[in-house]
Protein chains: 2
Amino acid sequence: MAKILSGKDVAAALNERLTAEVKDLKAAGIDPTLAILRVGERADDLSYERGATKRADSIGVAVKNVVLPEDVSQEELEKAFADINHDDKVHGILMFRPLPKHLDDKPIVAAMDPAKDIDGITVGSAAGVYMKSGEGFAPCTAQACIEILDHYGIDPRGKRAAIIGRSLVIGRPVAMMMMHKNATITICHTKTVDMPSVTKEADIVIVAAGKMETIGAEYFKPGQTVIDVGIGWNEEKQKLCGDVKFDEVEPIVDAITPVPGGVGSVTTSVLISHVIDSAKKLA
Amino acid sequence: MAKILSGKDVAAALNERLTAEVKDLKAAGIDPTLAILRVGERADDLSYERGATKRADSIGVAVKNVVLPEDVSQEELEKAFADINHDDKVHGILMFRPLPKHLDDKPIVAAMDPAKDIDGITVGSAAGVYMKSGEGFAPCTAQACIEILDHYGIDPRGKRAAIIGRSLVIGRPVAMMMMHKNATITICHTKTVDMPSVTKEADIVIVAAGKMETIGAEYFKPGQTVIDVGIGWNEEKQKLCGDVKFDEVEPIVDAITPVPGGVGSVTTSVLISHVIDSAKKLA
């Protein structure tokens, strides 16, 4: 039986700390504020927005919603974005992507104030994660993995870490962050040959394959810690599942995050923590 | 007996191609120009400057030397830099660092036009390597390793590559470049436990440990390709040596770069290739 690394417990501890920080900021006259920019009414966006808003409310962070119709023009979108980008009272911006097809997110991402880039989507934030310069913010999901390890006292220093996935949203940044914490990292991807032999060498395996229930028992050995970033709706089982075949992997390894209740539960807390960090810096 | 991967041969092939490219550019009225900014008379700087100038001359790239006295003020340095940074006739800038202690290179690096950052020292270039966005240039030494593999037809795709070193000048960028070429990369560093067992898993080992003759037979196995980035003067042996103990490693592995005559021989050709690439883009 593996230890279950509960993302909910990690989030609860994080939220408690953040709530205290917001109290201090408010006492100093600063009202940390998250702006959420949404175009249209996509179900995924609405669901994430509800989660982030609820989390922000409970921690005491204000939310400013900017909602634009799905047929908004590029010019109107850029104007609405510029307003929050230049608003001193906004400390962080979450913009849902992908945008509708007629819109281009590039000029918006390029114009975004790196200090407000709480979701880590700008070039400045990417460079910050790569260079460990302290500029910008890491993508929230990547940092959520690190928060889980930190919470459970699993120190990557000197350990071998295998990361499945090399995307800029999760695989690459979480690999860099693990390296900055002195792990010896190996990055696996679709061109990796005999991936199970690679992941078996590791002490910590972070799975962001992007394919539901594809990573089974053959990838693991006893003693390992497994962080499953994947999340998707399994139509057959009628439940949310990760990239890892939980039922067959859990009996093998030492510790594992569940899905749901794992990495995904920590992400919005990390997002809100970035708003607070930004408010502290701008203060 | 390992195959010797001769940097000189790689450079010769590269120079031939570059010479033809410069001819075409000149026929189109473009005169690719490298500006070299040097403060003081450090022996290392002078030596690299001589090598780069000679290489540029032979390829047909013009060199504009900006030499400032060691006691130059920050203001004068920034003015001299701004002149070449804004000069349309300059396509690339090489600035020797470290600068004398009373000077700060940060504002200069921050101001540098990414298109002219042929040595890959700006944040934009670092992000470009990490994100594979095509912006900026990779550090020349990192790219020299890739040029050697390319020249000898060693395709990293699906292979395991171990990189010793995680600096922003060589370890980290060469790891990213190997990953972009579809290798499964592992980054080793000073906190790696039992490094020889890690490097032995790899098909390609790139050594940038930064410590002369420290990587011996125990790190390698038959069949491997070894790229030795290190270079230093061995006082005892009265010759230049790499980080790898060449005499004991060469008999084990499949292919290896010598020192001297390896990676270092390719670096200035890569630098000049960046000037030419920049001239093409600005053209």
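Residues numbered from 1 in each chain as written. Chains lettered and ligands numbered in written order. Predicted model: local features only at pLDDT ≥ 70, side-chain atom pairs only at ≥ 80, totals over all residues.

Draft legend 1. The interface of chain A and chain B, seen in detail. Across the contact, 21 residues belong to chain A and 21 residues belong to chain B. Where the side of chain A that touches chain B is concerned, the elements lending two or more residues are helix H5 (123–131) and strand E6 (184–188) of chain A. Of the pairings in the sheet, the one linking E6(A) to strand E6 (residues 184–188) of chain B comprises 3 bridges and is antiparallel in character. Residue pairing for E6(B): A:Thr186 is matched across the bridge by B:Thr186. (Contact = placed C-beta atoms within 7 Å. Helix = DSSP H or I, 4+ residues; strand = E, 2+ residues; numbered from the N terminus. Pairing = 2+ DSSP bridges.)

Draft legend 2. Fine view of the packing of helix H1 (residues 7–27) of chain B against helix H10 (residues 263–282) of chain B. All names here are of chain B. Following both chains from N to C, one finds H1 and H10 inclined at 20°, their axes separated by 9 Å at the closest point. In this view, H1 runs roughly parallel relative to H10, as classed from their interaxial angle. As for how H1 packs across H10, the hand of that crossing is left-handed. Contacts from Gly 7, Lys 8, Val 10, Ala 11, Leu 14, Asn 15, Leu 18, Glu 21, Val 22 and Leu 25 of H1 reach H10 at Val 263, Gly 264, Ser 265, Val 266, Ser 269, Ile 272, Ser 273, Ile 276, Ala 279 and Lys 280. Class assignment of the residues belonging to the contact of H1 with H10 gives a composition of 11 nonpolar, 6 polar and 3 charged. (Axes fitted to C-alpha atoms, helices over the stretch in contact; angles between N-to-C directions. Parallel < 35°, antiparallel > 145°, perpendicular 65-115°, else oblique. Left-handed = near helix turned anticlockwise from the far one by under 90°. Nonpolar A, V, L, I, M, F, W, Y, C, P; charged D, E, K, R; others polar.)

Draft legend 3. Just the domain arrangement of chain A, in detail. Domain annotation for chain A reports domain 1 (29–114) and domain 2 (140–264). Centre-to-centre, using C-alpha coordinates, domain 1 of chain A lies 30 Å away from domain 2 of chain A. (Domains from an automatic or database assignment.)

Draft legend 4. Molecular detail of the sheet that holds strand E5 (residues 160–164) of chain A. The 12 strands lie next to each other as E1(A)-E11(A)-E8(A)-E7(A)-E5(A)-E6(A)-E6(B)-E5(B)-E7(B)-E8(B)-E11(B)-E1(B), forming an open sheet whose pairing is mixed. Pairing within the sheet leaves two strands with one partner each, and these edge strands are strand E1 (3–4) of chain A together with strand E1 (3–4) of chain B. Across 2 bridges, the pairing between strand E8 (residues 225–228) of chain B and strand E11 (residues 255–256) of chain B is parallel. Residue pairing in the sheet places B:Thr225 in a bridge with B:Ala255 of E11(B). Running at roughly 165° to E6(A), helix H7 (residues 171–180) of chain A makes contact with E5, E6 and strand E7 (204–207) of chain A together with E6 of chain B of the sheet.

Draft legend 5. Spatial organisation of the relation of the copies chain A and chain B. Structural alignment of chain A on chain B gives an RMSD of 0.0 Å, achieved by rotating through 180° and translating 0.0 Å along the axis. These values place the two chain copies in the arrangement generated by a two-fold rotation axis. A share of 100% of the interface residues of chain A reappears at the interface of chain B, consistent with the copies meeting face to face through the same patch. (Least-squares fit on C-alpha atoms with pLDDT ≥ 70 in both.)

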